[in-house]
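# Survey of secondary and tertiary structure
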Amino acid sequence: MQATTAYIRETLRGTYSAEEIRNLTRWIFERVCGLTLARQILCKDKQIAETEKEAIRRVVERLSRSEPIQYIFGECEFHGLRFEVTPSVLIPRPETSELVELIVRRHAETGLKVLDIGTGSGCIAVSLANMLHGATVTAIDISNDALVVARRNAEAHQADVWFLQADILSESSLDKMSRSVVFDVIVSNPPYITEREKVGMEANVLKYEPAQALFVSDDDPLCFYRHIAARGRKWLSEGGRLYFEINAAYGKELVSLLEEMDYRDAELVRDISGKERFIQCSKN
């Protein structure tokens, strides 16, 4: 096992930090060899089977090309649950889990109607369906491939979510939504990274994660927020709440936009690292 650990460390040095390599090594031994972290610590002299060494070599080769380990193993953890992920969906981030927690803390009501726009893997929709009492959750995404993954995640966690393919920027696409539907909560983690911000981004994001779910035009960075907020004027119940994950660079601009659109109590919320990561507001 020690020789294999040294091979992983030497191969990945220069591509990942020492801390990242330690975490990747633990994940590899757990997934390929079935070794818990405790067994990895206690059984450092364990012999690794040749078949396992070959499987590890294939994983490390892919990691050396900056492919995310979540895509290699096809899953990641989000809000205490394991979610399937493929290159058709973004890898859920810890800060998005904070967004889920923000909503859950705010809403103790039973029977909420919730809409998740740009659901991707379904991590937000599935988590809210399981955590909000008696909630009815609808989730939309422009990508059919993403919806296939999201539906499998909902089934895996026995979450009752209605999925719909739709483009929030297209009026005709949204005709599939019932004109009589009213939601108490609308949440979205839309594309918010501008094209100019690609400079300096990690290769594992740029090369492997779906650009459609990440990037927005430099000329209109609030495009998705504006369209979603406009829909919220029609779809939210009186006093209904709108929640966004945001690009911190545009937080104050987005607050102004929402106030101009007659939303009240627009509030920027910082994530655990202190960044202005979320915004919440209510419909008048």
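That block above? That's the structure.
This text gives an overview of the structure that appears in the document. (Residues numbered from 1 in each chain as written. Predicted model: local features only at pLDDT ≥ 70, side-chain atom pairs only at ≥ 80, totals over all residues. Heavy atoms only, no water.)

On to the side chain of Arg277. Inspection of the secondary structure puts Arg277 in strand E11 (residues 276–283). Overall, the relative accessible area of 13% leaves Arg277 in the buried class. Those residues within four positions of Arg277 in sequence are excluded, and the remaining contacts are Glu95, Tyr192, Phe244, Glu245, Ile246, Val269, Arg270 and Asp271. (Helix = DSSP H or I, 4+ residues; strand = E, 2+ residues; numbered from the N terminus. Buried < 20%, exposed > 50% of the residue type's maximum accessible area, 1.4 Å probe, protein only. Contact = heavy atoms within 4.5 Å.)

Scanning the entire structure with this criterion turns up 21 salt bridges. Residue Glu84 pairs with Arg152 through a salt bridge whose shortest N-O separation is 2.6 Å. Here Glu84 is found in strand E2 (residues 81–84), whereas its partner Arg152 is found in helix H8 (residues 144–156), with 68 residues between them in sequence. Residue Glu84 is classed as partly exposed on the basis of its relative accessible area, which comes to 22%. Arg277 is the partner of Asp271 in a salt bridge, and the nearest nitrogen-oxygen pair spans 3.0 Å. Across this residue pair, the class does not change: Asp271 and Arg277 are buried. A network of salt bridges, in which partner residues are shared, links Glu30, Arg31, Glu75 and Arg82. (Salt bridge = Lys/Arg side-chain N within 4 Å of Asp/Glu carboxyl O.)

Another point: the sheet that holds strand E5 (residues 161–165). Strand order across the open sheet formed by seven strands is E5-E4-E3-E6-E9-E11-E10, with mixed pairing between neighbours. The sheet is open, and its two borders are formed by E5 and strand E10 (263–270), each paired with just one other strand. Strand-to-strand twist in this sheet, taken as the mean axis angle between neighbours without regard to direction, amounts to 15 degrees. In the sheet, E10 pairs with E11 via six bridges, with the strands oriented antiparallel. Across the sheet, Val269 pairs through a bridge with Phe278, a residue of E11. Here helix H10 (residues 223–235) sits on the sheet in contact with strand E3 (113–117), strand E6 (183–188), strand E9 (236–245), E10 and E11, set at roughly 160 degrees to E9. (Pairing = 2+ DSSP bridges. Axes fitted to C-alpha atoms, helices over the stretch in contact; angles between N-to-C directions.)

A separate point is the packing of aromatic side chains. The tally for this structure, following the rule as stated, stands at three aromatic pairs. Taking the centre distance of 4.9 Å and the plane angle of 85 degrees together, the rings of Tyr225 and Phe244 count as edge-to-face. Placement of Tyr225 in helix H10 and of Phe244 in strand E9 is noted, with a sequence separation of 19 residues between them. Side by side, Tyr225 and Phe244 carry an identical accessibility label, which is buried. Over the ring of Phe215 we find Lys198, and its NZ or CZ is 4.6 Å from the ring centre. A cation over an aromatic ring shows up here: Arg233 above the ring of Tyr263, its NZ or CZ 5.1 Å from the ring centre. (Phe/Tyr/Trp six-rings, centres within 6.5 Å; stacked < 30°, edge-to-face > 60°. Lys NZ or Arg CZ within 6 Å of the ring centre and 35° of its normal.)

Moving on: the packing of helix H2 (residues 18–33) against helix H4 (residues 50–64). Contact pair H2 / H4: the axes reach a minimum separation of 10 Å and the direction vectors enclose 140 degrees. Considered as vectors, H2 and H4 are oriented oblique to each other. Handedness of the crossing formed by H2 with H4: right-handed. In this structure, H2 uses Leu24, Ile28, Phe29, Val32 and Cys33 to contact H4, whose residues at the interface are Glu52, Ala55, Ile56, Val59, Val60 and Leu63. When its residues are assigned to classes, the contact of H2 with H4 shows 10 nonpolar, no polar and one charged. (Parallel < 35°, antiparallel > 145°, perpendicular 65-115°, else oblique. Left-handed = near helix turned anticlockwise from the far one by under 90°. Nonpolar A, V, L, I, M, F, W, Y, C, P; charged D, E, K, R; others polar.)

With that settled, the discussion passes to the nonpolar core. One recurring pattern in soluble globular proteins: nonpolar side chains tend to sit buried together. Ranked by internal contacts, the top residues of the largest apolar core, which has 37 residues, are Ile186, Leu242, Phe244, Leu254 and Leu258. Breaking this core down by element, the ones donating at least two residues are E3, E6, strand E8 (215–216), H10, E9, helix H11 (251–260), E10 and E11. The element that contributes the greatest number of residues to this core is H10, accounting for six residues. Contacts of Phe244, omitting those with residues within four sequence positions, involve Leu99, Ser188, Tyr225, Ile228, Ala229, Leu254, Leu258, Arg277, Phe278 and Ile279. Counting residues in hydrophobic clusters, the runner-up holds 30 residues, among them Leu112, Val126, Leu132 and Ala154. (Core = buried A, V, L, I, M, F, W, Y, C linked by side-chain atoms within 4.5 Å.)

This part takes up the environment of Asn153. Along the polypeptide, Asn153 turns up in helix H8. Residue Asn153 is classed as buried on the basis of its relative accessible area of 3%. Sequence spacing of Asn153 and Pro87 is 66 residues, and the spatial spacing of their C-alpha atoms is 15 Å. Not counting the four nearest positions on each side in its chain, Asn153 is found in contact with Phe83, Glu84, Ser121 and Val126.

Across four bridges, the pairing between strand E1 (residues 75–78) and E2 is antiparallel. Note that in E2 the partner of Glu77 across the bridge is Arg82. Where E1 hands over to E2, the hairpin turn is made up of two residues, of which His79 adopts a positive phi near 50 degrees.

This next bit is on the environment of Leu35. With respect to the helices, strands and loops of the structure, Leu35 is situated in the loop between H2 and helix H3 (37–42). On the accessibility criterion, Leu35 (0% relative accessible area) is buried. Sequence spacing of Leu35 and Asp271 is 236 residues, and the spatial spacing of their C-alpha atoms is 33 Å. Apart from the residues lying within four places of it in its own chain, the contact partners of Leu35 are Met1, Phe29, Glu30, Gln40 and Lys46.

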